[in-house]
Amino acid sequence: MRFRHPDGSTVHLAYCTNVHPAETLDGVLAQLRDHCEPVRRRLGRDRIGIGLWLARAAARTLTTDPASLRALRTELDRRGLEVVTLNGFPYEGFGADEVKHRVYQPDWTRPERLAHTTDLARLLAALLPEDVGEGSVSTLPLAWRTPFDARAAATARSALTTLAARLDALEELTGRSIRIGLEPEPGCTVETVADAVTALTDVPRHRIGVCLDTCHLATSFEDPRTALDALTTAGITVPKAQLSAALHAEHPHLPEVRAALGAFAEPRFLHQTRTRTAAGLRGTDDLPEALATPEADHAPDHAPDHAPGHAPVPGTGSGPGLPDATPWRAHFHVPLHAPPAPPLGSTLPVLQETLALLVGGPHPLTRHLEVETYTWQALPPDRRPRTRARLAEGIAAELTLARDMLTDLGLKELP
């Protein structure tokens, strides 16, 4: 879906296909047929955007077989789909029964991550619509926070610098500009925007910026205006933003709230949980740890644990459990249009505020927006879509909500 910003530029809206597990090219083609085209039809549009996730095996096939790449491009066109952004965060196995920490491997200290991201950039340059000259790829925020030391940081910066040079050469060759966005995420070495500013020191910022995920931003209790002002001051761009909402519990000390949260403590994905106390940000690496019975005093004024250079290290130094006198937020991408039933809620207001700052001003700070609710089948059983049709209905409803938010900000939907 395309929108005309009041300044005359085009803003693209897509939904991310990592919600549909597929490791191979055949699986990707099945996604387009079974899921993406039905979403487009439900929206009544001739064309919609998808944020394509290509696992390593699928990317390798497309890279080594030009005919398969041409076939994918043809299939996208035939089904009324266009691609201006790729989700390069998961490398493989995102549809496994248990993902958890595996999603952070290989990280940016490993040559496989550089090779894969280079391949994705080259593929995106070939998949961009004829009238679009810029693409974006989101990637993991360097690595999970442990183990990660100064030497690892230097290795990651070197890899990003090499990638930037390859992207410069790619633009010279194809005329297509591809930019990369590190996606700050709770628990990673780059958890916050402030961490991203530090991590991108001495990295070519014309190619490497930040992918702002509004679920992650909210989970870490970051203020959207402060975060975006910091990026602007540092000269760091936002190649793409992911429109997502976190799980919010206003009164986590109440038994009924803890019981409701427990229904979201599922085994597939990591659900980092945070609370903002008088002593600073506190957190755990997963929701079950937050819900565990404390072994020690967890009053809000308990001193937080810190890792050098970034946010408090969760889950260390105080036993299990999380202080529950202040609201909790959990990294669980809940459907935008259907927040959890009371006593829980979502951080949709943070998304709305961030979106207004990103595209509601005189010029957009990003032109690529991607709805990324990949947890539909991880929702509590009574909230999961049981059929492909119900899933398509839910995704279409999310895109409709996002469209309405954009038009309310003064953008005009294009045919």
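Above this note sits the structure.
Residues numbered from 1 in each chain as written. Predicted model: local features only at pLDDT ≥ 70, side-chain atom pairs only at ≥ 80, totals over all residues. Heavy atoms only, no water.

Draft legend 1. The arrangement of the overall build of the protein in detail. The helix and strand tally for the protein stands at 12 helices and 17 strands. In summary, the protein has a C-alpha radius of gyration of 20 Å against a globular reference of 22 Å for 415 residues, a match within 12%. In terms of overall dimensions, the protein has a C-alpha envelope of 60 × 45 × 45 Å along the principal axes. Of all 415 residues assigned to the protein, the portion counted as buried reaches 60%. For the protein, the exposed surface amounts to about 15,700 Å²; the carbon and sulfur share of it is 53%. Distance from the positive charge centre (43 side chains) to the negative charge centre (52 side chains) of the protein: 6 Å. (Helix = DSSP H or I, 4+ residues; strand = E, 2+ residues; numbered from the N terminus. Rg over C-alpha atoms; globule rule 2.2 N^0.38 Å. Buried < 20%, exposed > 50% of the residue type's maximum accessible area, 1.4 Å probe, protein only. Areas by Shrake-Rupley, 256 points an atom, 1.4 Å probe, with all protein chains shown as cover. Lys, Arg positive; Asp, Glu negative; His and termini not counted. Charge placed at Lys NZ, Arg CZ, Asp CG, Glu CD.)

Draft legend 2. Local environment of the packing of aromatic side chains. In total, this model carries 7 aromatic pairs according to the counting rule given. Pairing F269 with Y374 gives two aromatic rings, centres 5.0 Å apart and planes at 70°, and the pair type is edge-to-face. With F269 in the loop between α9 (255–262) and β10 (273–277) and Y374 in the loop between β16 (368–371) and α12 (388–408), the pair connects residues that are 105 residues apart, well separated along the chain. Y374 gets classed as buried once you look at its relative accessible area, which sits at 11%. Among the aromatic residues, those joined into a ring-pair cluster are W53, F94, F269 and Y374. (Phe/Tyr/Trp six-rings, centres within 6.5 Å; stacked < 30°, edge-to-face > 60°.)

Draft legend 3. Spatial organisation of the pairing of strand β2 (residues 10–16). Extensive coverage of β2 is indicated by the burial of 6 of its 7 residues. Once strand β1 (residues 2–4) ends, the chain turns through 5 residues before running back antiparallel as β2, passing G8 with a positive phi of about 100°. Of the pairings in the sheet, the one linking β2 to β16 comprises 4 bridges and is parallel in character. Along β16, the bridge assignment pairs A14 with E370. Here β2 runs beside strand β3 (residues 48–52); their pairing, made up of 3 bridges, is parallel. Counted as the bridge partner of C16 is G51 from β3. (Pairing = 2+ DSSP bridges.)

Draft legend 4. Structural detail: the nonpolar core. Residues L13 and Y15 are the most contacted members of the largest nonpolar core, which totals 121 residues. In terms of residues, this core owes the most to one element, helix α5 (residues 150–174), which gives 9 residues. Apart from the residues within four sequence positions on either side, Y15 is in contact with H20, H35, C36, V39, I48, G49, I50, G51, E370, V371, I395 and L399. (Core = buried A, V, L, I, M, F, W, Y, C linked by side-chain atoms within 4.5 Å. Contact = heavy atoms within 4.5 Å.)

Draft legend 5. Looking closely at the sheet that holds β10. Across the sheet, which stays open at both edges, the 5 strands sit in the order β11-β10-β14-β9-β15 with antiparallel pairing between neighbours. Edge positions in the sheet fall to β11 (280–284) and β15 (345–346), since each has one partner strand and no second. As defined by bridge partners, β10 adjoins β11 across 5 bridges and the pair is classed as antiparallel. Across the sheet, residue T275 finds its bridge partner in β11, namely R282.

Draft legend 6. Spatial organisation of the environment of H5. For H5, the position within the fold is in the loop between β1 and β2. The exposure class assigned to H5 is buried, which follows from its relative accessible area of 2%. For the pair H5 and A245, spaced 240 residues apart in sequence, the C-alpha to C-alpha distance is 24 Å. Setting aside its immediate chain neighbours within four residues, H5 contacts V11, V359, G361, P362, H363, P364 and L411. From its side chain, H5 meets the backbone oxygen of G361 in a polar contact 3.1 Å long. (Polar contact = N/O pair within 3.5 Å; in protein donor to acceptor, adjacent residues only side chain to side chain.)

Draft legend 7. Representation of empty space enclosed by the protein within the structure. Tallying each qualifying case throughout the model produces 4 cavities of 30 Å³ or more. There is about 170 Å³ of room inside the largest cavity. As for the largest cavity, its lining consists of 18 residues, of which F94, V103, E185, H331 and Y374 are closest to the centre. Partitioning the lining of the largest cavity into residue classes produces 9 nonpolar, 5 polar and 4 charged. (1 Å grid on protein atoms, 1.4 Å probe; cavity = no way out; pocket = protein on both sides within 12 Å on 5 of 7 lines; lining within 4 Å. Points joined across faces, edges and corners; volume = space filled by probe spheres on them. Nonpolar A, V, L, I, M, F, W, Y, C, P; charged D, E, K, R; others polar.)

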